[in-house]
Amino acid sequence: MLRALAVDDEKPLLEELLYLLRSDPRVLSAEGASDATEALRRITRALETGPDGADGIDVVFLDIHMAGLTGLDIARLLAGFAQPPLIVFVTAHEGFAVQAFDLKAMDYVLKPVRPERLAEAVRRVCAQLGRAAEDPPAAAPARGLPAGAAPRTAVVPPAPVLTVPAQPAAEVPEQIAVELGGVTRFVPIADIAYVEAQGDYARLHTDEGSHLVRIPLSTLEERWAARGFVRIHRRHLVALGRIDELRLDAGTTTVRVAAAELQVSRRHARELRDLLMRQAMR
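Residues numbered from 1 in each chain as written. Predicted model: local features only at pLDDT ≥ 70, side-chain atom pairs only at ≥ 80, totals over all residues. Heavy atoms only, no water.

Turning next to the sheet that holds strand β13 (residues 243-249). The three strands are arranged β13-β14-β15 in an open sheet whose pairing can be described as antiparallel. Strands with a single pairing partner mark the edges of an open sheet, and in this sheet they are β13 and β15 (260-264). When strand polarity is set aside, the average angle formed by the axes of neighbouring strands in this sheet is 25°. As judged from the five bridges shared by strand β14 (residues 252-257) and β15, these two strands associate in the antiparallel manner. When the sheet's bridge partners are listed, Val257 is paired in β15 with Ala260. (Pairing = 2+ DSSP bridges. Helix = DSSP H or I, 4+ residues; strand = E, 2+ residues; numbered from the N terminus. Axes fitted to C-alpha atoms, helices over the stretch in contact; angles between N-to-C directions.)

Moving on, we get to the confidence of the model for the protein chain. In the predicted model, the protein chain carries a mean pLDDT of 81, and 81% of its residues have values of at least 70. When mean pLDDT is taken per element in the protein chain, strand β3 (residues 59-62) scores highest with 96 and strand β6 (residues 175-180) scores lowest with 80. Here residues 132-170 scores under 50 on pLDDT; set against residues more than four positions off or in separate chains, the count is 59 contacts. (pLDDT = per-residue confidence, 0-100. Contact = heavy atoms within 4.5 Å.)

Another point: helix α7 (residues 266-280). Taking 1.5 Å of rise per residue, 15 residues should cover 21 Å, and α7 covers 22 Å from first to last C-alpha, within 8% of that figure. The complete set of buried residues in α7 reads His268, Ala269, Leu272, Leu275 and Leu276. Projected down its long axis, α7 shows its buried positions confined to an angular sector of 140°, all on one face. In α7, the exposed positions that point more than 90 degrees away from the buried face belong to Arg270 and Met277. Buried residues along α7 sit against β11 (229-233), β13, β14 and β15. (Expected span 1.5 Å × (residues − 1). Buried < 20%, exposed > 50% of the residue type's maximum accessible area, 1.4 Å probe, protein only. Arc of directions from axis to C-beta.)

Moving on: unusual backbone geometry. Between Lys111 and Pro112 the backbone carries a cis peptide bond, its omega angle lying at -10°. For Pro112, the position within the fold is in the loop between β5 (107-110) and α5 (115-128). For Lys104, which is not a glycine, the phi torsion comes out positive at approximately 65°. Following the sequence through the fold, Lys104 ends up in the loop between α4 (97-102) and β5. On the basis of relative accessibility, which here comes to 69%, the residue Lys104 falls in the exposed class. At Ala250, a residue that is not glycine, the phi angle is positive and equals roughly 55°. Positionally, Ala250 belongs in the loop between β13 and β14.

Now for helix α3 (residues 71-78). Turning to α3, its buried residues are Gly71, Leu72, Ile74, Ala75 and Leu78. Down the axis of α3, the buried set is contained in an arc of 160°. They therefore lie on one face. As for α3, its buried residues are in contact with α2 (36-49), β3, β4 (86-91) and α4.

Have a look at this one:
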């Protein structure tokens, strides 16, 4: 079972997070810290006593925007320890996801925190620590989870490169739901020019802006192949019909999609050129 430390300088939000963590049967203990100094003191003490000590901490649920040191600052400091606790960022700001995953964060949960979303973060931490067997049974789910709900898995087999399954486009959803600050918007898939991988998340780029969703790029590649989305790089998935230009320069292939110039990996370059030529001849 997990021993957790939650860090947030807004007391009501900290209390709510602690309530949700303590309601999860996979969490043995959950303590709170209201600033970076207190958090670092508790973590340092836990590391000094060892992972099996009474003050041990397995995971830190960490706010980003706080007075003094930010959550990102704390994560950078912890990266210097030999065996730091795992980190889950809990924030109202979606714009720090790339930095968070560069710091090896286990998850990135947006506020206001939904119980089922936090339960998924706990599941990911348990899996990382080899404690997946401690997941709550379906008959007794964590508070806030629907009865019988099974935890989602982050392992999705990738679709074959640049192949289009024989699935009619009409069967693919017309929109994708994106969340920001507790508000759900529905973005038409037809408006998305390209998708960028950001850890276990994906950033959807449209002409009006971008949206972060917690879906791996490989999953979107599989789901949207019937809508003409193709993988051009390990970091990018593009709408074939939105490619304005393909350029070869000194052995490097790039495409222009909307206002962005994206590199095409060598393993995808020939198949992409063939697809564009077939599309142009229709």
